[in-house]
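Next come the chains, spelled out residue by residue.
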Amino acid sequence: EEEEEEAEGQETAEDRAFLNDHSDDGDAERENDDKIGRTKRKRHRADDILEEDDYDLLEENLGVKFKRKKKFSRVKAAFVDEDEASGDEEGGGRDALANQLFDGTAGAGVEDSARAAPGPRRDPTADFFAPMSSSDEDVDDFIVDDNGDPVQRKKKSHRVYSSKQLEEAQELFGVDMNEFQDLVDDDDYEDLDDYDPAYGSGDEDGNELSQRSQKRKQRGNLANKSIYDVFEPSELEKKHFTDRDEEIRVTDVPERFQIDKLRSFPVQPVDETTNELDLEADWIYKRVFCGTLITEQNMSWGDGGSTLFGGEGGGSNVKPATAVSKIKQALHFMRKESFEVPFIATYRREYIEPDLNVRDLWKIYQWDEKWCKFQLRKKNMKKLFAAVVDLQKTKIRENPDHLLPPGSRLLTQNDIDRLDDLQTQEDLKDAHGHFCLYYKPELAELDRRRRHGDVDLNETPLDFNFTQSQLDMTQTPGVDGGEGGGGGGSGPKRIVRRDFYVLCREAGLLAVAEKFGLTPEKYGENLRDNYQRHETEQYPQDPDDVAEEFVCQHFPDVESVLRGAIHVVAVQLAKEPLVKQAMRQAIVEKAKICVKPTKKGKKEIDEHHDLSRFKYLKNKDVKRLKADEFAQLQQGEKDGLITLSFDLHSADGFGNTTSYLNEMKQLYYRDEFSLAVENWNRLRSDAVEKAYKNFLLPVAEKELRHKLILEARECIASQCAQKLRQWINVAPYIPSGDGGGDGRSGVKATKGIRVLACSFEDDREAPVHFAMLDGAGKLVDTFEMTCYVKRGRVFRPADVRWKEDGLKLMTDMLQRCKPQVIAIAAASRDAITLKDNLEQCAAVVEREIPSISIEIMDPEMSRVVQWSRKTEFPSLHSHVRLAISLARRLQDPLVEFTSLCADDDAGNLLSLHLHPHQGLVPTEQLLPALLIEIINQVNGVGVDINRALDDDHYAHVVPFVCGLGPRKAAALLKLLKRKGMILENRSQLVTRCAMGPKVFLNCAGFVTIDGSAFIDSAAQEYVEILDGSRIHPETYEWARKMAIDALEYDETADDTTPQAAVDEILESPDKLRDLDLDAFADELERQGFGRRHTTLHEIRYELFAMFKEKRTPYQPLTTEELFTILTGETEETLCRGRLVTCTVTGIARRQPDSEAIQDVAPLRSETTHLLQCPFCFQDTFSEPSAVWNHVDGGSCPGQPTGVRTRLDNGITGFVNLRNLSDRPVKNPEERVQAGMSIYCRILRLNMEKFQVDLTCKSSDLAGSDELQPERDQCYDYDAAEADQIRKKKEMKKAKSNFVKRMIVHPAFHNVGYKAAEQLMASMEVGDCVIRPSSKGCDHLTITWKVDESLYQHIDVDEQDKENPMALGRRLVIGKEVYEDLDEIIARHMQPIASYARELFNYKYYRHADD
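As the structure is a computational prediction, the values presented were derived from the model and not from experiment. (Residues numbered from 1 in each chain as written. Predicted model: local features only at pLDDT ≥ 70, side-chain atom pairs only at ≥ 80, totals over all residues. Heavy atoms only, no water.)

Participant: Would you explain the overall build of the protein chain in this entry?
Facilitator: Across its full length, the protein chain holds 51 helices and 26 strands. With 1410 residues in all, the protein chain has 46% of them scored as buried. Sequence-distant contacts, at least 24 apart, represent 68% of the contacts inside the protein chain between residues at least 6 apart. Carbon and sulfur atoms provide 48% of the accessible area of the protein chain, an area that totals close to 72,600 Å². (Helix = DSSP H or I, 4+ residues; strand = E, 2+ residues; numbered from the N terminus. Buried < 20%, exposed > 50% of the residue type's maximum accessible area, 1.4 Å probe, protein only. Contact = heavy atoms within 4.5 Å. Areas by Shrake-Rupley, 256 points an atom, 1.4 Å probe, with all protein chains shown as cover.)

Here's what the structure looks like:
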């Protein structure tokens, strides 16, 4: 009985934990299969509960109403955490999450769930594993035990999983849900259900039952987990299934205003009772639109792109003063009305134009984040100041007679109010550093009181964590780390930092610092005004006499006391905000950059390196830096190639230079002549110099570097964004024969085009892969052709046959697919040949398929998609995927580029090659610039939500709609799919999709709905045709009013409907031209609708052609673009004078004409004394007739005109005969041979022919002034020349260096090569000298005399050496091995010398001088 009561108590607790909701639909019929070990008492108690049918039968027979006991349905305990099942609050959140993740359950209100506030999580996977209800539960109750009582058997619960849900979960989380299903599958409980203690386990040892019980327990432990336990939080966050994501989805605020990759700080609402918007507008104007950049940057964003929102494409950094009010209005729209940038640029243009455009709005959007962060830091700073004020007041009240020590100050409310005047982060940092210098003891006291519990954290406005972090940030020389900070608090003991300034302050040296005669504040004013506004007060006593009074243990003599005082003054000057501001301004105005290469840079920076222009720089003004130059310099310094330094010398009009340090010293001097004044001036000078060199200059230089690198990175990011805008601002391709004229129609294409795309590897033997796509971008078929279809002229019979077969197959492919356009990936120059072959095949099928366009396209973006789209086409070849991407880009570039941001992962965008130096820009700075371009383009083009429901590829554009985002867009599409509905009008976004008013206002105008598809539908009486335009629903009435006025309808007539007027005006929009829209706009303004002039003009423009295509029509690749894509080279990389390496492929010759052949006259060769052909210079003829037969018979190849070469990138080169050498060359074969590698310089680039003209003259290779590479204007030629001279000397010295050897042999001499030649000048021809080698101790060099003033040096490799200085046992020359030096002389040198003497003594030998 005790066990039964205990079991009953346990069940009651479990019921309280897991039975959460009542069920009236008969779910109580299911028994919980997890309770295997339930006792008989529990089974009997369950048997006492009658079924519903039993109650009905009793009531019908007896006529008495019975009180029916309510039954409960159990929430699956295997998927609910114990701590989460303890309250009703935690049930709703998980239900909402389950509805979002797995399409909800039947009977759930979609609108209610969409608007429900986020609550605690319910396991979304619970819906996967809901047990089936069994209606035949009592079928197996006929088995009885020995007493005749029925044996209760547990029914087996089979969990049924939807394949669609499993696929969705597998797609979301990247795991096999079948494996996850096995964790909670109850099939293994079947055998345990059959077990009863009365019968045993059926196994004598009970091992089978034990194993099954252990297995069940193990699986039960694994199954007793929620989705939040199974998957990593990062995975849930990535897939947007956290509570924060649910909150973002249901909140009626644009998603990008809550969380976004464009900014890390959400858009903050503004208090209407304050003037914060005025202050922020002025703050942004001064920092963004007043030309405050240091370097020369062109931030106009290029041209084009912004025409989608009207206005000019470019923009200037400098705006008029009237832009301040426009900035304020833009901030009002963003922070008060929650309007995104595309909405403001489209439907509130009257309030921002002409001063601002869409690019400026994005800058305001980004700088609003900086303003909010700045205000938050300033607020925390005020809390810090207020806490110190309260502490000082408390200490004064506790001890009114206490005198402030020297150097201490009272902080007042005025000091706190002055924080409002701070305008930059630098000002805030300066104020904090100054505050910590003078009030560090108070901060330490606050911290100590907090840890002792003497400070009430609820009453003090100070955030102590913020205080301590600020303390840690300011641990620079001259700042106290806080004394007494290690008091006995509850937290860990703090490390007490006692620097030199603390020791000076404790020794009372602040009193000596006060006698320097000028406070830091007054000195800062002198420095700011650049004249001695405040005179330095002279202390009458000599510095040494003053210092004697402060001699102590830490400062034992006068000199140490003065050093301490100098340090105190230097730190105080360095912490003075006015001084730091003046230093900051001076370094911007006066700083000059000097660059010198390091030892590593001298070797690696050649003419091809990006830093070759800046290898030596001298006194380049930082204001003359352009574009991304500083980013390149900083990267070179980081790589150890150059050293970068700043100089603050300024020059006057007479060429004299003065240091800024000297100017600073002059403003601190006392202009008197006395010994005491000179001594004090010397101390003042030392203090200023120490403050300048140790504190001010390093910090100012670091800040300057930070500003310069930010500007350079911003330039790179803007150029990357401009490149991306050029790619995505292209309209879908319209074939010339598809009603589009020349393919440049301004109206959006209503249907897609059939595209056949092909791709291949950059390999001559690689096959060609084709992919055929229909108009909707769906893959229809794939093909693979042999490599011969991309080859040009072939000559071998087998190759000709293969090519003919390939062209025939390609013709059959065109007849079967009937493409409207063919896209070819520009993988190599074979793409040009493939285009020619396709044009040949298209000509064959011209009658059946007229006008097939063939375009060569840039595969840059498709290469990224090629590897990122494995999940969509996992079984296809990678080049087939590339071809699919190429075809889709031709159909709609914008949709294809947005696919790179699938699943809210925009990292693939960074894989695009947009700028040669884009790797220098951090991801957090480059990615927002790219996403802004996509957002602008998507909202300018419009999005068809209904198409996104059917086309998953097109659905990638929906998250970029204004007001939406990845979370809201996914929820919207999932909601529509779950309801099985399509949008028939824009208002259904609110009525049927539960969209809030703010999000609806943002996105409605950019969602297009084709009303023509619902005209014949009986479900709706009226179709809003304006839903297919850019006209916003808030201005529909104005559009209808314009249509009625243009048609001159009587509005009071019964048969006049605004809808009919709109339909009629769309058919004849020319009548709108006669409307006086300005008068209409004035009337609207009088009625309180605001300025609407531009909006009315836009409505009229839209009624002429709804959602007219504003993107740039597709243009084929230009010659320059095709050249760059196929070769990877540009005009900059192949500029005139560029040094290149090329391989000789042959000699270019010109055949002689008939007149030259008739007048041919054989020449006598000066070397062979034989006859020579005057054209090809062949000198093997003995008779003139042989020469004539050679020319007349066609054997003469012709007169050489130059040398043909090929560069490494495949470009052909040509060296004219006159550019082959500085000396005249008749036969180029005397200088070069086929296969030889030569150095050349580029003279001219011909992109159309993929050819460059070269020169290999020695004078040109040396770098003549005409072919000198471009250098910076401040290039230090003197330093470069000095390094070249030094390098030559070092090389010369290195060549003469050798290690003396102790080798005993009459022919060995410890001399260099020049001394050996001088030594052999008097020797006979054939004699030799053995000497040390410059290669090291394991080599020898034999120098022998070939002829007068002619010597040969032979290298000898020593092997098997006993020690480094000993002679090797094996001496190797080439492949020959010798044992000692005598053998070398006998077997190697003497035969060579004999052959030389024999040659010299030959009768036909002539010396060169002869």
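Now that the structure has been shown, the text picks up again.
Participant: So what exactly am I meant to see when it comes to the nonpolar core here?
Facilitator: As a rule of thumb, soluble globular proteins bury nonpolar side chains together. In terms of nonpolar packing, the biggest core is built from 183 residues, with Ile-364, Tyr-523, Leu-909 and Leu-912 touching the most fellow members. When residues in this core are grouped by element, the largest group, 20 residues, is from helix H30 (residues 675-728). If we skip the residues at most four places from it in the chain, Leu-909 touches Phe-897, Leu-900, Cys-901, Leu-927, Leu-930, Leu-931 and Ile-934. (Core = buried A, V, L, I, M, F, W, Y, C linked by side-chain atoms within 4.5 Å.)

Participant: Help me understand the packing of aromatic side chains, please; the structure alone is not making it clear to me.
Facilitator: Aromatic rings considered in pairs are described by the distance between their centres and by the relative angle of their planes. With the rule as written, the count across this model stands at 24 aromatic pairs. With 6.0 Å between their ring centres and 25° between their planes, Phe-257 and Tyr-365 make a pair best called stacked. Within this pair, whereas Phe-257 is found in helix H13 (residues 255-258), its partner Tyr-365 is found in helix H17 (residues 358-398), the two being separated by 108 residues in sequence. Overall, the relative accessible area of 4% leaves Phe-257 in the buried class. Centre to centre, the rings of Phe-385 and Phe-435 are 4.3 Å apart; their planes meet at 20°, and the pair counts as stacked. Linking Phe-385 in helix H17 with Phe-435 in helix H19 (residues 425-452), this pair joins segments that are 50 residues apart in sequence. Comparing Phe-385 with Phe-435, the two get one shared label, buried. (Phe/Tyr/Trp six-rings, centres within 6.5 Å; stacked < 30°, edge-to-face > 60°.)

Participant: Would you take a moment to explain the packing of helix H31 (residues 797-817) against helix H32 (residues 830-844) for this structure?
Facilitator: The packing of two helices is summarised by the inter-axis angle and the distance between the axes. At a closest axis distance of 9 Å, the pairing of H31 and H32 adopts a crossing angle of 60°. If you check the angle between H31 and H32, you find them oblique. Classified by chirality, the crossing of H32 by H31 is right-handed. When H31 is examined against H32, the residues Lys-803, Leu-807, Met-810, Thr-811 and Leu-814 are found in contact with a partner set consisting of Leu-834, Asn-837, Leu-838, Gln-840, Cys-841, Ala-842 and Val-844. Split by residue class, the contact of H31 with H32 holds eight nonpolar, three polar and one charged. (Axes fitted to C-alpha atoms, helices over the stretch in contact; angles between N-to-C directions. Parallel < 35°, antiparallel > 145°, perpendicular 65-115°, else oblique. Left-handed = near helix turned anticlockwise from the far one by under 90°. Nonpolar A, V, L, I, M, F, W, Y, C, P; charged D, E, K, R; others polar.)

Participant: I would appreciate a short explanation of the sheet that holds strand E9 (residues 768-773) in the present structure.
Facilitator: Neighbouring strands of a sheet are bound in pairs by backbone hydrogen bonds; such pairs are parallel or else antiparallel. The sheet built from five strands is open, its strands ordered E10-E9-E8-E11-E12 with mixed pairing. One side of each edge strand has no neighbouring strand; the edge strands of this open sheet are strand E10 (779-785) and strand E12 (853-857). Geometrically, the sheet is characterised by an average inter-axis angle of 20° between neighbouring strands, direction not taken into account. As paired strands, strand E11 (residues 821-825) and E12 are joined by five bridges and run parallel to one another. Its bridge partner being in E12, Ile-824 is matched across the sheet by Ile-856. Contacts between H31 and the sheet are confined to strand E8 (755-760), E9, E10 and E11, with E10 contributing the most and set at about 175° to the helix. (Pairing = 2+ DSSP bridges.)

Participant: Help me understand the pattern of salt bridges, please; the structure alone is not making it clear to me.
Facilitator: Pairing is possible between side chains that carry opposite charge, provided their charged atoms lie close to one another. Taken as a whole and judged by the stated rule, the model has 61 salt bridges. Close ionic contact of Arg-1241 with Glu-607 constitutes a salt bridge, the shortest N to O distance being 3.0 Å. Of this pair, Arg-1241 sits in strand E20 (residues 1237-1246) while Glu-607 is found in the loop between helix H27 (599-604) and strand E4 (617-621), placing the two residues 634 residues apart along the sequence. The exposure class of Arg-1241 is buried, given its relative accessible area of 2%. Measuring nitrogen to oxygen at the nearest pair gives 2.8 Å for the salt bridge that ties Arg-705 to Glu-637. With Arg-705 in helix H30 and Glu-637 in helix H28 (residues 629-638), this pair connects stretches of sequence that are 68 residues apart. On the basis of relative accessible area, Glu-637 is assigned to the partly exposed category, the value being 26%. A cluster of three or more residues bridged by salt bridges with shared partners is formed by Arg-263, Glu-276, Glu-280, Arg-335 and Asp-368. (Salt bridge = Lys/Arg side-chain N within 4 Å of Asp/Glu carboxyl O.)

Participant: Honestly, the pairing of strand E21 (residues 1251-1255) in this entry has me stumped. Any pointers?
Facilitator: Strand residues, when the strand is regular, have side chains that alternate between the two faces of the sheet. The buried fraction of E21 amounts to four of the five residues, a majority that puts the element mostly inside the structure. Both strand E19 (residues 1212-1216) and E21 contribute to a ladder of four bridges, which runs parallel. When the bridges of E21 are listed, Thr-1212 appears paired with Gln-1251. Relative to E21, E20 runs antiparallel, the two sharing five bridges. The partner of Leu-1245 across the bridge, within E21, is Val-1252. Here E20 folds back onto E21, and the loop between the two strands holds four residues, one of which, Phe-1250, carries a positive phi near 55°.

Participant: Mind showing me how you'd approach the sheet that holds strand E22 (residues 1328-1333) here?
Facilitator: An order of E22-E23-E24-E25-E26 is seen for the five strands of this open sheet, with the pairing classed as antiparallel. Since the sheet does not close on itself, it has two edges, and those belong to E22 and strand E26 (1376-1378), each with one partner. The sheet shows a mean angle of 30° between the axes of neighbouring strands, taken without regard to direction. In the sheet, strand E24 (residues 1350-1359) pairs with strand E25 (residues 1370-1373) via three bridges, with the strands oriented antiparallel. Opposite Gln-1359, over in E25, you have Arg-1370 as the bridge partner.

Participant: How do you make sense of helix H45 (residues 1119-1127) when you look at a structure like this?
Facilitator: What sets the pattern is the α-helix's 3.6 residues per turn: residues three or four places apart point alike. Those residues of H45 lying buried are Leu-1122, Phe-1123, Leu-1126 and Thr-1127. For H45, the angular spread of buried residues about the axis comes to 105°, placing them on one side. Just downstream of H45 lies Gly-1128, where phi reads positive at about 75°. (Arc of directions from axis to C-beta.)

Participant: What exactly am I supposed to notice about the confidence of the model for the protein chain here?
Facilitator: When pLDDT is low, close inspection of the predicted coordinates is not appropriate. Summary statistics for the protein chain give a mean pLDDT of 76 and a share of 74% for residues scoring 70 or more. Note that pLDDT drops below 50 for residues 301-307; the model gives that stretch 23 contacts with residues more than four away or on any other chain. (pLDDT = per-residue confidence, 0-100.)

Participant: Would you mind going over the environment of Leu-1267 with me for this structure?
Facilitator: Inspection of the secondary structure assignment puts Leu-1267 in the loop between helix H48 (1258-1261) and helix H49 (1277-1296). A relative accessible area of 2% places Leu-1267 in the buried class. Through-space distance from the C-alpha of Leu-1267 to that of Arg-1136 is 6.7 Å; in sequence the pair is 131 residues apart. For Leu-1267, the contacting residues outside a window of four places in its chain are Arg-1136, Gly-1137, Arg-1241, Ile-1242, Leu-1243, Thr-1255 and Asp-1260.

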